[in-house]
Amino acid sequence: MNILVAGGAGYIGSHLVKELQNVADKLVVLDDLSTGHRDSIGNIELVIGSSGNKALVTNILRTNNIDAVFYFAAHSLVGESMSNPGKYLRNNISFAIEFLESMVECGVRYMVFSSSAAVYGEPAFYPITEEHPTVPTNVYGATKLIFEEMLDWYDRIYGLKYVSLRYFNAAGADQSGQIGEDHKPETHLIPLVVKACMGLSEKIIIYGNDYPTKDGTCVRDYIHVSDLARAHILALKYIIASDQSKIYNLGNGTGYSVNDVIASTIKITGKKPKIEVAPRRPGDPAVLVASSKKIANELGWNPEYIKLEDIIYSAWNWHKNNPSGFQQ
Ligand code: UDP
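Residues numbered from 1 in each chain as written. Predicted model: local features only at pLDDT ≥ 70, side-chain atom pairs only at ≥ 80, totals over all residues. Heavy atoms only, no water.

Let's talk about the site of the ligand
- The local shell around the ligand holds 14 residues, among which L189, I205, R220, R281 and D284 are the closest.
- Within the backbone of L189, an N or O atom sits 2.8 Å from an oxygen atom of the ligand.
- Interatomic distance of 2.6 Å between a backbone N/O atom of I205 and a nitrogen atom of the ligand.
- When isolated, the ligand has an accessible area of 510 Å², and the protein chains bury 87% of it.
- Among the elements of the structure, α6 (189-197) and β8 (203-207) are those that each provide at least two residues to the shell around the ligand.
- Of all the elements, β8 adds the most residues to the shell around the ligand, at three residues.
- The class makeup of the residues in the shell around the ligand is eight nonpolar, three polar and three charged. (Near = heavy atom within 4 Å. Polar contact = N/O pair within 3.5 Å; in protein donor to acceptor, adjacent residues only side chain to side chain. Areas by Shrake-Rupley, 256 points an atom, 1.4 Å probe, with all protein chains shown as cover. Helix = DSSP H or I, 4+ residues; strand = E, 2+ residues; numbered from the N terminus. Nonpolar A, V, L, I, M, F, W, Y, C, P; charged D, E, K, R; others polar.)

What to know about the sheet that holds strand β3 (residues 45-48)
- Taken together, seven strands build an open sheet; the order of strands is β3-β2-β1-β4-β5-β6-β11 and the sheet is parallel. The two strands at the open ends of the sheet, each matched to only one other strand, are β3 and β11 (246-250). Neighbouring strand axes in the sheet, compared pairwise and without regard to direction, differ in orientation by 20° on average.
- The pairing of strand β1 (residues 2-6) with strand β4 (residues 68-71) spans four bridges and is classified as parallel. (Pairing = 2+ DSSP bridges. Axes fitted to C-alpha atoms, helices over the stretch in contact; angles between N-to-C directions.)

Details of the nonpolar core
- Judged by nonpolar contacts, the single largest core of 36 residues is most densely connected at V5, F70 and L165.
- Element by element, the count of residues in this core is highest for helix α7 (residues 225-242), at nine residues.
- Sequence-distant contacts of F70, defined by excluding residues within four places in its chain, comprise I3, L4, V5, A6, L16, L20, V112, H232 and L236. (Core = buried A, V, L, I, M, F, W, Y, C linked by side-chain atoms within 4.5 Å. Buried < 20%, exposed > 50% of the residue type's maximum accessible area, 1.4 Å probe, protein only. Contact = heavy atoms within 4.5 Å.)

Focus: the pattern of salt bridges
- In total, this model carries 18 salt bridges according to the counting rule given.
- For R166, the salt bridge identified is with E148, shortest N-O distance 2.6 Å. In this pair, R166 is assigned in strand β6 (residues 161-167) and E148 in helix α5 (residues 139-158), connecting sequence segments 18 residues apart. Considered together, R166 and E148 belong to a single accessibility category, that of buried residues.
- K184 serves as the salt-bridge partner of D182, at 2.7 Å between the closest nitrogen and oxygen.
- Assessed through its relative accessible area of 5%, D182 is described here as buried.
- Under the relative-accessibility criterion, K184 is labelled exposed at 59%.
- A single salt-bridge network, built from bridges that share partners, covers R220, R281 and D284. (Salt bridge = Lys/Arg side-chain N within 4 Å of Asp/Glu carboxyl O.)

Some details on the pairing of strand β2 (residues 26-31)
- Most of β2 sits out of view: five of its six residues are buried.
- Bridge count for β1 against β2 is five bridges, and the pairing is parallel. Looking at β2, one finds that I3 is bridged to L27.
- Note: β2 against β3, four bridges, orientation parallel. By the bridge assignment for β3, D31 is matched with I48.

Structural notes on helix α8 (residues 258-269)
- Here α8 spans 17 Å end to end across twelve residues, near enough to the 16 Å set by a 1.5 Å rise per residue.
- Counting buried positions along α8 gives nine out of twelve residues, so the element sits mostly inside the fold.
- Among all positions of α8, only V258, D260, V261, I262, S264, T265, I266, I268 and T269 are buried.
- Residues of α8 that are buried sit in contact with α6, β8, β10 (222-224), β12 (256-257), β13 (274-278) and α10 (308-321). (Expected span 1.5 Å × (residues − 1).)

Overview of the side chain of T265
- Structurally, T265 can be placed in helix α8.
- Within the structure, the side chain of T265 is placed 2.6 Å from the backbone oxygen of V261, a separation counted as a polar contact.
- Leaving out residues up to four positions away in the same chain, T265 has contacts with V193, V194, C197, G270 and I312.

Keep in mind these numbers describe shape, not what the thing actually does.
Here you go:
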């Protein structure tokens, strides 16, 4: 099986690339390195370029006889998507259309798509199943939903089969400690808390402690990045075996508050940084917890990292080994 990972030098993509090395006959990564890192994929062949460059993508698909694509190439900051919607619509939608057209032109029929819980918007019930209404509250979530709708049409019209994976809060790092999360600037809770506990930043800011939750802080469903990576491989095997398209949630099914994350990180690192409470971040729902029963029942996927401490420990291990992230 010859595989292209678009956006494979990013946080989740690079963890998948590591797992794919035992699965793929040929493995190629396409990444514009706008947020990804060359060093995150070792010696794997990297083409630096845009997923919206149709001539380039068509050439990669043809020359490598690509059978299947994993698609991660997207901008993913919720806040930025509301201040610069055009950037998100262009990159996450327009480029994706060019990419899908290349796939059709080259007869590549399988895609595993990196979607998001952001497609659901404000939760109407918990845990969130795949049947939950999809009413995104930000442009980022809207772009993921539009991509899913495009995939549905490409399936109906061209027979392109896909699995769309709606992640909840991806966190943690590969157990080797050699690859992990390195966003600049970092906005995600776990790396920010770990770095504060390591003395790499001044303080932790809690965005809102007046939510209707057990301790007033937001509750999220943290899922280990290596568990996500394994789900992608199961998804591809499923598409090939069944020739069907599906949508699945990926989460642990357990919610942890911001305070839980801070307490657990302090316990692991033995360091207590300064903590400040700030106003709520616009657009943050109080609770986001997934039901992943569908993928468990249909594909046999179950997370290996169930405990929050284990997820945080793996993140800490990465940051300890690489306090400045990837060098290049
Ligand atoms: N959060 C926080 N302080 C931070 C970063 C995040 O209190 O410095 C909160 C945020 O409001 C949300 C949760 O932590 O409730 C998870 O945020 P993150 O950005 O990691 O993921 P999101 O749920 O937005 O995808």
